[in-house]
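# Chain and residue survey
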Amino acid sequence: MSDGPSPSAPGGERVLIAEDDPVSARVLRSLLQQVGYQVRVAADGEEALRMLEEEGPPDILLLDWMLPGVTGLEVCHRARERWNALELPILMVTARTDPESVYAAFDAGASDYVAKPFRGAELRARIEAQLRVKRLVEERRRMEEHLRERDKLSTLGLVAGGVAHDLNNPLAVIAGHARILLGRAGDEQTAAQLREVLEAVERCGRITGDLLGFARRRPVERRPVDVAGVLHATLALRERALASAGIRLVVEAAGPVPPVTADAHQLQQVFLNVLVNAEQAMRERGSVVRSAVRAEDGWVVVELSNDGPPIAPEA
């Protein structure tokens, strides 16, 4: 077997090798580990199936056809009953290269095959080709999910704008009657309660104003902007959603911050996208989102962070 350079650098993908010959298994492990793959070896078909069941699918499975007991072809059949070719690429490593055997391998669900004796460079190239397709499909899936989220946000903005607009009329009625009753209040306790009603109405008015501002389509309009004010208004829009997801919002007190020439609506969209991304990242782990605004060396610095899982190094 001759060796050669890898076509591209692996990103630590997991490879399961099912090979009963110790020498071949050792060579395969060495060829793949030296370029960065994480390698596990099963000595026969039964062990390979057990590892698949207990550990889940690796990034790629290398199968020797002539395994004792449960053959590589049978392992391929049974693996395909659970995982498709994008979830689990299967590379058949075999000395059987006649047309009937090649057809049987693909019919069983193999993604590709390598003939024995193989060359190290060819083996790694075929593995990398399968993994590259898998990465591209995963990247496309992430992009499509991101586009769906953007569509949801766009629809949410339209719905929120309509709801906010419809709420303004009943809020105005509540505020008007509360002011009339406040003028007729016969005791301080009643007056205090009515002032609380008016404060709540004003707070609702600010929220509906923020919703309308978010939903409104407008041309880019750059002017001096209070960045801290835009951030806090955006946080107010998502505060209830964060709380319902069990996420605590921590807002650090901002010192004096100079205005920044920008489009406030675009800034709000940026902040909102970061918050939504944080919510999505924290679905499995994490409980706190922190925000801070400060002036630093002539810049206005906005920090949004969470204690959810970090971005994977390969991303």
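See the structure shown above.
These lines cover the structure that appears in this document, whether it is placed above or below.

Quick look at the nonpolar core now. Ranked by internal contacts, the top residues of the largest apolar core, which has 23 residues, are Leu 52, Leu 61, Leu 63, Cys 76, Leu 88, Ile 90 and Met 92. Of all the secondary structure elements, the ones that give two or more residues to this core are strand E1 (14–18), helix H2 (45–55), strand E3 (60–64), helix H3 (72–80), strand E4 (90–94) and helix H4 (99–108). The contact partners of Leu 63, leaving out residues within four places of it in the chain, are Ala 18, Gly 72, Val 75, Cys 76, Ile 90, Leu 91, Met 92 and Val 93. Counting residues in each nonpolar core, the second largest holds 16 residues, with Ile 17, Leu 32, Leu 62 and Leu 91 among its members.

Hydrogen bonds between backbone groups are what pair the strands of a sheet, and the pairing can be parallel or antiparallel. The 5 strands are arranged E2-E1-E3-E4-E5 in an open sheet whose pairing can be described as parallel. Each having just a single partner strand, strand E2 (38–42) and strand E5 (112–115) make up the two edges of the open sheet. For this sheet, the mean inter-axis angle between neighbouring strands, taken without regard to orientation, is 20°. Across 4 bridges, E4 lies against E5 in parallel orientation. Bridge pairing links Thr 94 to Ala 115 in E5. Together, E1, E2 and E3 form the strand contacts of helix H1 (residues 22–33), whose direction differs from that of E2 by roughly 165°.

We now examine the side chain of Glu 19. Inspection of the secondary structure assignment puts Glu 19 in the loop between E1 and H1. Look at Glu 19 and you get buried, because its relative accessible area is 4%. Reaching out from Glu 19, the side chain makes a polar contact with the backbone nitrogen of Asp 21 at a distance of 2.9 Å. Apart from residues no more than four positions distant in its own chain, Glu 19 is found in contact with Ser 24, Ala 25, Val 41, Ala 42, Ala 43, Asp 64, Leu 67 and Lys 116.

Each value, and the rule that gives it
Residues numbered from 1 in each chain as written. Predicted model: local features only at pLDDT ≥ 70, side-chain atom pairs only at ≥ 80, totals over all residues. Heavy atoms only, no water. Core = buried A, V, L, I, M, F, W, Y, C linked by side-chain atoms within 4.5 Å. Buried < 20%, exposed > 50% of the residue type's maximum accessible area, 1.4 Å probe, protein only. Helix = DSSP H or I, 4+ residues; strand = E, 2+ residues; numbered from the N terminus. Contact = heavy atoms within 4.5 Å. Pairing = 2+ DSSP bridges. Axes fitted to C-alpha atoms, helices over the stretch in contact; angles between N-to-C directions. Polar contact = N/O pair within 3.5 Å; in protein donor to acceptor, adjacent residues only side chain to side chain.

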